[in-house]
Amino acid sequence: VYLFAYGFPALKHLIKTREDLKLIGQDLVELGRVSGKSTEHLFREGLLALKDLIKTKEDLKKIGQDLAELGKAAGKNDWKLFQFGLSTLEETFTPKELKAYWPTLVILGKIRGENAAALFGNGLPAVKDLIKTIDDLKMIGEEIAQLPGSILKSEFPAFVKLLVEKNPDTALQELIRHL
């Protein structure tokens, strides 16, 4: 059901011929198999949130596998990850940034596990202005990935905003020092 209701519509830009339909269909069936309990939300929200990153059949396989792994890592909170976390990443980063940062974001999401949605939905948007390179994302992401989910949802965004307002040039160093 999810494959037809959400998978194909999210990937319609890849389907130009009957052969494409067959091959994409086979990939989606396999993705549904490996994603386990996360299948519904992966198809419903995950593929849709990242459809702009999926330009080829190979992209579908790689990003699909990443989504399945993130869903497994998120466990019982997979729905939060797919419904809120990924859509917030799409709003936070430009398509070019999201494509460049995606492998690192997958690693960080797997580190966060059940709290990946808080990292993607609250933590990273709060520090977006401090992220200029992949190295910045790795450094900041690894630090905030260790914070409890409750802090990322409440005090953290206000704290980062205060640091940036105080002195944008030293905000990154101050943030790392306080973490």
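It should be noted that the structure appears before, not after, this text.
Definitions and limits used
Residues numbered from 1 in each chain as written. Predicted model: local features only at pLDDT ≥ 70, side-chain atom pairs only at ≥ 80, totals over all residues. Heavy atoms only, no water. Helix = DSSP H or I, 4+ residues; strand = E, 2+ residues; numbered from the N terminus. Buried < 20%, exposed > 50% of the residue type's maximum accessible area, 1.4 Å probe, protein only. Contact = heavy atoms within 4.5 Å. Areas by Shrake-Rupley, 256 points an atom, 1.4 Å probe, with all protein chains shown as cover. Core = buried A, V, L, I, M, F, W, Y, C linked by side-chain atoms within 4.5 Å. Polar contact = N/O pair within 3.5 Å; in protein donor to acceptor, adjacent residues only side chain to side chain. Phe/Tyr/Trp six-rings, centres within 6.5 Å; stacked < 30°, edge-to-face > 60°. Axes fitted to C-alpha atoms, helices over the stretch in contact; angles between N-to-C directions. Parallel < 35°, antiparallel > 145°, perpendicular 65-115°, else oblique. Left-handed = near helix turned anticlockwise from the far one by under 90°. Nonpolar A, V, L, I, M, F, W, Y, C, P; charged D, E, K, R; others polar. Salt bridge = Lys/Arg side-chain N within 4 Å of Asp/Glu carboxyl O.

### Remarks on the overall build of the protein chain
Argument step 1. Counting its regular elements, the protein chain contains eleven helices and zero strands.
Argument step 2. Out of the 179 residues in the protein chain, the part that is buried amounts to 46%.
Argument step 3. Within the protein chain, contacts between residues at least 6 apart in sequence are counted, and of these 66% link residues at least 24 apart.
Argument step 4. Accessible surface for the protein chain amounts to roughly 9,500 Å². Of this, 56% is attributable to carbon and sulfur atoms.

### Some thoughts on the nonpolar core
Argument step 1. Ranked by internal contacts, the top residues of the largest apolar core, which has 48 residues, are Leu47, Trp102, Leu105 and Leu124.
Argument step 2. When residues no more than four places from it in sequence are discounted, the contact partners of Leu105 are Leu89, Phe93, Leu98, Phe120, Leu124 and Leu137.

### A few points about helix H3 (residues 39–49)
Argument step 1. When you tally the buried positions in H3, you get eight out of eleven residues, the bulk of the element.
Argument step 2. Burial in H3 covers these residues: Thr39, His41, Leu42, Phe43, Glu45, Gly46, Leu47 and Ala49.

### What about the environment of Thr17?
Argument step 1. Within the secondary structure, Thr17 sits in the loop between helix H1 (2–10) and helix H2 (18–35).
Argument step 2. On the basis of relative accessibility, which here comes to 43%, the residue Thr17 falls in the partly exposed class.
Argument step 3. One polar contact links the side chain of Thr17 to the main-chain amide nitrogen of Glu19, over a distance of 3.4 Å.
Argument step 4. Within the local environment of Thr17, its side chain forms a polar contact with the backbone nitrogen of Asp20, the two atoms lying 3.0 Å apart.

### Looking at the packing of aromatic side chains
Argument step 1. Inspection of every chain in the model, using the stated rule, returns two aromatic pairs.
Argument step 2. Between the aromatic rings of Trp79 and Phe84, the centroid separation amounts to 6.0 Å while the plane-to-plane angle is 70°, which identifies the pairing as edge-to-face.
Argument step 3. Of the residues examined, Trp79 reaches a relative accessible area of 34% and is grouped as partly exposed.
Argument step 4. Relative to Tyr101, the ring of Phe93 lies with its centre 5.3 Å away and its plane at 85°, an arrangement referred to as edge-to-face. In this pair, the class of Phe93 matches that of Tyr101, namely buried.

### Some remarks on the environment of Val160
Argument step 1. Inspection of the secondary structure puts Val160 in helix H10 (residues 155–166).
Argument step 2. As a C-alpha pair, Val160 and Gly123 span 37 residues in sequence and 9.5 Å in three-dimensional space.
Argument step 3. Setting aside residues no more than four positions away along its own chain, Val160 makes contact with Ala126, Val127, Leu130 and Leu175.

### Looking at the packing of helix H5 (residues 78–92) against helix H6 (residues 95–112)
Argument step 1. Following both chains from N to C, one finds H5 and H6 inclined at 140°, their axes separated by 10 Å at the closest point. Classed by the angle they form, the pair H5 and H6 counts as oblique. The two elements H5 and H6 cross, and the hand of that crossing is right-handed. Here H5 contributes Leu86, Leu89, Glu90 and Thr92 to the contact with H6, which in turn contributes Glu97, Leu98, Trp102 and Leu105.
Argument step 2. Among the residues making up the contact of H5 with H6, the classes are represented as five nonpolar, one polar and two charged.

### Some thoughts on the side chain of Asp136
Argument step 1. If you trace the backbone, Asp136 turns up in helix H8 (residues 134–144).
Argument step 2. Among the polar contacts made by the side chain of Asp136, one reaches the main-chain amide nitrogen of Lys132 at a distance of 2.9 Å.

### Comments concerning the pattern of salt bridges
Argument step 1. Following the criterion strictly, the structure yields six salt bridges and no others.
Argument step 2. Here Glu30 and Arg33 are joined by a salt bridge, their closest N and O atoms 2.5 Å apart. Placement of the pair is Glu30 and Arg33 together in helix H2, with a separation of three residues, close to one helical turn.
Argument step 3. A residue is classified by how much of its surface remains accessible, and Arg33, at 58% relative accessible area, is exposed.
Argument step 4. Note that Glu69 is salt-bridged to Lys110, the shortest N-O span being 2.7 Å. On the criterion of sequence distance, the pair formed by Glu69 in helix H4 (residues 57–74) and Lys110 in helix H6 is long-range, its members being 41 residues apart.

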